[in-house]
Amino acid sequence: MFIDTHCHLIDNGRPIDNLGDVLTHSAAANVSTMICACADASDIKPAVELATTHDNIYCTVGIHPENLTDNPAAALTDDILGHPRVVGIGEIGLDYHYGADTRNAQIRMFEQQLDIARRANLPVAIHTRDADADTIAILTGDVRGVMHCFTGSWDLAQTMLDRGFFFSASGILTFKNAGDIRDTFAKIPTDRIVIETDAPYCAPVPYRGKTCESAMVVETARVLADIKNLQLDELAGILKTNTTNLYPKCHVK
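Residues numbered from 1 in each chain as written. Predicted model: local features only at pLDDT ≥ 70, side-chain atom pairs only at ≥ 80, totals over all residues. Heavy atoms only, no water.

### A look at the overall build of the chain
Okay, step 1: Tallying secondary structure elements over the chain gives 9 helices and 10 strands in all.
Okay, step 2: In terms of overall dimensions, the chain is globule-like: its C-alpha atoms have a radius of gyration of 17 Å, near the 18 Å expected for 253 residues.
Okay, step 3: Counting only C-alpha atoms and orienting by the principal axes, one finds that the chain spans roughly 45 × 40 × 30 Å.
Okay, step 4: Expressed as a percentage of the 253 residues in the chain, the buried residues total 55%.
Okay, step 5: At a minimum sequence separation of 6, the contacts of the chain that also span at least 24 residues come to 68%.
Okay, step 6: Total accessible area computed for the chain in this model is approximately 10900 Å², and 47% of it derives from carbon and sulfur atoms. (Helix = DSSP H or I, 4+ residues; strand = E, 2+ residues; numbered from the N terminus. Rg over C-alpha atoms; globule rule 2.2 N^0.38 Å. Buried < 20%, exposed > 50% of the residue type's maximum accessible area, 1.4 Å probe, protein only. Contact = heavy atoms within 4.5 Å. Areas by Shrake-Rupley, 256 points an atom, 1.4 Å probe, with all protein chains shown as cover.)

Take a look at the structure:
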């Protein structure tokens, strides 16, 4: 059984239209558990409701740097943070690829959400794009979590390994031009790796160009198993342990 540790099952404040098919396909592919990530404040309550009504879905709650708000605490309330199906804060972080002009506002919201994670004692799912220096400066080691959809350098990986972070491999790992990323994951200790789809984005080979869904996480697992010289079922057991170490509130089947 595999776990998709980061997928987007809420779109514009409601479950995705093809949720039934996604769940059916995931079960057929032996994907036992999905963690629904939030990107906007409007995603949070629907994500919690979805996780409450499906015993194989959990969620992380947070606001992506592209969806700036002055007061993330208004959506990240105590009842949400304490909910048994809420396993972490995410996805949160910095993205300067298109939004360098909002750098200061992004940093402010990022730090606010990290403070919330500290108070709630929850791990964080970090999005960082073209923002390595600020990400390193802000994540000083007093929070735990995962570098979501990690495509960064080995230098960044080493820094965040030293600070206790996990690293999530996405479908990008399977891309033909992703040799550097595969080299980095070859160096990351196996007990610090989880996998994800980031659905509906980043569909792995052989589905590249199609809408991604959780069942496809198995293709990323196949490439990761090859990188780590492991049998696929052996890797599955390791990833299950890693996921529960990353997200202690997540009770994986």
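Following the structure, the description resumes.
### Here's the deal with the packing of aromatic side chains
Each aromatic ring pair is specified by the distance between its two centres and by the angle formed by the two planes.
Okay, step 1: Counted under the stated rule, the structure contains 2 aromatic pairs.
Okay, step 2: Between the aromatic rings of F150 and F167, the centroid separation amounts to 5.0 Å while the plane-to-plane angle is 75°, which identifies the pairing as edge-to-face. Linking F150 in the loop between β8 (145-147) and α6 (154-162) with F167 in strand β9 (residues 166-169), this pair joins segments that are 17 residues apart in sequence.
Okay, step 3: Arranged with centres 6.4 Å apart and planes meeting at 70°, the rings of F150 and F185 form a pair that is edge-to-face. Here F150, found in the loop between β8 and α6, pairs with F185, found in helix α7 (residues 179-187); they are 35 residues apart in sequence, far enough to count as distant. (Phe/Tyr/Trp six-rings, centres within 6.5 Å; stacked < 30°, edge-to-face > 60°.)

### Concerning the environment of K240
Okay, step 1: Counting through the fold element by element, K240 comes out in helix α9 (residues 232-246).
Okay, step 2: Taking the relative accessible area as the measure of exposure, K240 reaches 34% and is therefore partly exposed.
Okay, step 3: Linking K240 and I3, residues 237 residues apart in sequence, is a C-alpha distance of 7.0 Å.

### A look at the pairing of strand β1 (residues 2-7)
Okay, step 1: Burial runs high along β1: 6 of the 6 residues are buried.
Okay, step 2: When β1 meets strand β4 (residues 31-37), the two strands line up parallel, connected through 4 bridges. If you follow C7 over to β4, its bridge partner there is C36. (Pairing = 2+ DSSP bridges.)

### Quick word on unusual backbone geometry
Okay, step 1: Each neighbour pair has its own omega, and for G90 with E91 the value is 5°, a cis peptide bond.
Okay, step 2: Locating E91 in the fold gives a position in strand β6 (residues 86-95).
Okay, step 3: Going from V205 to P206, the amide bond is cis rather than trans, its omega being 15°.
Okay, step 4: Phi is positive for N12, close to 55°, though the residue is something other than glycine.
Okay, step 5: Mapped onto the secondary structure, N12 falls in the loop between β2 (10-11) and β3 (14-15).
Okay, step 6: Phi is positive for D198, close to 60°, though the residue is something other than glycine.
Okay, step 7: Among the secondary structure elements, D198 is positioned in the loop between β10 (193-195) and α8 (217-227).

### Remarks on the pattern of salt bridges
Okay, step 1: Throughout the structure, instances matching the rule amount to 5 salt bridges.
Okay, step 2: For R14, the salt bridge is made with D17, and the minimal N-O distance between the two is 2.6 Å.
Okay, step 3: Note on R14: relative accessible area 47%, which makes it partly exposed.
Okay, step 4: By relative accessible area, D17 is classed as exposed at 71%. (Salt bridge = Lys/Arg side-chain N within 4 Å of Asp/Glu carboxyl O.)

### Thoughts on the sheet that holds β10
Okay, step 1: If you trace the 8 strands from one edge of the open sheet to the other, you get β1-β4-β5-β6-β7-β8-β9-β10, paired in parallel fashion. For this open sheet the edge positions go to β1 and β10, each flanked by a neighbour on one side alone. Between one strand axis and the next, the sheet turns through 30° on average, direction left out of account.
Okay, step 2: Here β8 pairs with β9 via 2 bridges, running parallel. Looking across to β9, one finds that M147 is bridged to F167.
Okay, step 3: Strands in contact with helix α2 (residues 41-53) are β4, β5 (57-61) and β6; relative to β5, the strand with the most contacts, it is inclined by about 160°. (Axes fitted to C-alpha atoms, helices over the stretch in contact; angles between N-to-C directions.)

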